[in-house]
Amino acid sequence: FYQRALYGEWTRARLDDRERVRISLVEFQLAHGMREQAIAQLLLLAADLPRDAARQIEAARLFLAAGDPDRALQHYRAALETQPDNATALAGAGDAASEIGAFSAAAGYYARVPDDVEGIDAKRETTRLVIANDPLRPRLSGAERRRRLWGGHTQAVLLIEACRVRLVGK
């Protein structure tokens, strides 16, 4: 039904309705594990999307939900071009940057999010810890790189052991 509705004839005055139908289809596809189809529909949506911040944020949210953080970050950035202090776009850009491993960029976005946004303190702290313990960070001494790698290895062993104990204990 969605496909028929989308590819029917739409007057210029009803193009916003077609966009809402496409978003509903993407949400349906994501809810039913149809990730590839959802991304295809998102690409069609993005091709016609105006620079309106709210629409860019919606597209970004859906791209992130579909597992495409690179495109999500592009749309969050587009929203920030028109509304540089938009807390939703800043937090979303931080989430997308974190997903692609750009933790310094994520920290920059999170730093600009107002303190009263729910969950932002935890995201800031997690990002800070990732950056502070990154063994691949440029210009680290050999000793510091080894210390960070060993610390990560030790933490991984402890987590594996905790999982093993939990599984065996059940």
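These figures come from a predicted structure and were not determined experimentally. (Residues numbered from 1 in each chain as written. Predicted model: local features only at pLDDT ≥ 70, side-chain atom pairs only at ≥ 80, totals over all residues. Heavy atoms only, no water.)

## Considering the overall build of the protein chain
Applicable threshold: Only runs of H or I of at least four residues qualify as helices and only runs of E of at least two qualify as strands under DSSP, and these elements are numbered from the N terminus. For each residue, the accessible area found with a 1.4 Å probe, counting protein chains only, is set against the maximum for its type, and the residue is called buried under 20%, exposed over 50%, and partly exposed in between. A contact between two residues is defined here by any heavy atoms of the two lying within 4.5 Å. Throughout, the Shrake-Rupley method with a 1.4 Å probe supplies accessible areas, and for residues the shown protein chains are the sole cover considered.
A tally of helices and strands in the protein chain yields nine helices and zero strands. Across the 170 residues that make up the protein chain, the buried fraction comes to 29%. Pairs at least 24 apart in sequence give 37% of the contacts found in the protein chain among residues at least 6 apart. For the protein chain, the exposed surface amounts to about 11,000 Å²; the carbon and sulfur share of it is 56%.

## Re the environment of Ala 31
Relative to the helices and strands, Ala 31 resides in helix H2 (residues 15-31). When the C-alpha atoms of Ala 31 and Ala 65 are compared, they prove to be 9.9 Å apart, with 34 residues separating the residues in sequence.

## Quick look at helix H4 (residues 53-65)
Using the following cut-off: Multiplying 1.5 Å by the residue count of a helix minus one yields the expected span of that helix.
The end-to-end C-alpha distance of H4 is 18 Å, a good match for the 18 Å that 13 residues give at a rise of 1.5 Å each. Of all the residues in H4, the buried ones are Ala 53, Gln 56, Ile 57, Ala 59, Ala 60, Leu 62 and Phe 63. Of the residues one or two after H4, Gly 67 is the one with positive phi, at around 85°.

## Examining the nonpolar core
This is how the line gets drawn: Among the buried residues, those of types Ala, Val, Leu, Ile, Met, Phe, Trp, Tyr and Cys that are joined through side-chain atoms within 4.5 Å form a nonpolar core.
Ranked by internal contacts, the top residues of the largest apolar core, which has 30 residues, are Leu 42, Tyr 76 and Tyr 109. Those elements that provide at least two residues to this core are H2, helix H3 (35-47), H4, helix H5 (69-82), helix H6 (87-99) and helix H7 (103-112). Aside from chain neighbours lying at most four places away, what touches Tyr 76 is Ile 57, Ala 60, Arg 61, Thr 88, Ala 89, Gly 92, Ala 93 and Ala 96.

## Quick word on the pattern of salt bridges
The condition is simple: Between Lys or Arg on one side and Asp or Glu on the other, a salt bridge is scored when a side-chain nitrogen of the former is within 4 Å of a carboxyl oxygen of the latter.
Summed over all chains, the structure comprises 11 salt bridges. The salt bridge involving Arg 124 is made with Asp 121; its shortest N-O contact spans 3.5 Å. Of this pair, Arg 124 and Asp 121 both sit in helix H8 (residues 120-132), three residues apart, which is roughly one turn of the helix. Classification of Arg 124 by relative accessible area gives partly exposed; the value is 21%. Arg 147 is the salt-bridge partner of Glu 144, the closest N and O atoms lying 2.7 Å from each other. Remark: Arg 147 and Glu 144 occur in helix H9 (residues 142-169); sequence separation between them is three residues, near one turn of the helix. Assessed through its relative accessible area of 23%, Glu 144 is described here as partly exposed. A single salt-bridge network, built from bridges that share partners, covers Glu 27, Glu 58 and Arg 61.

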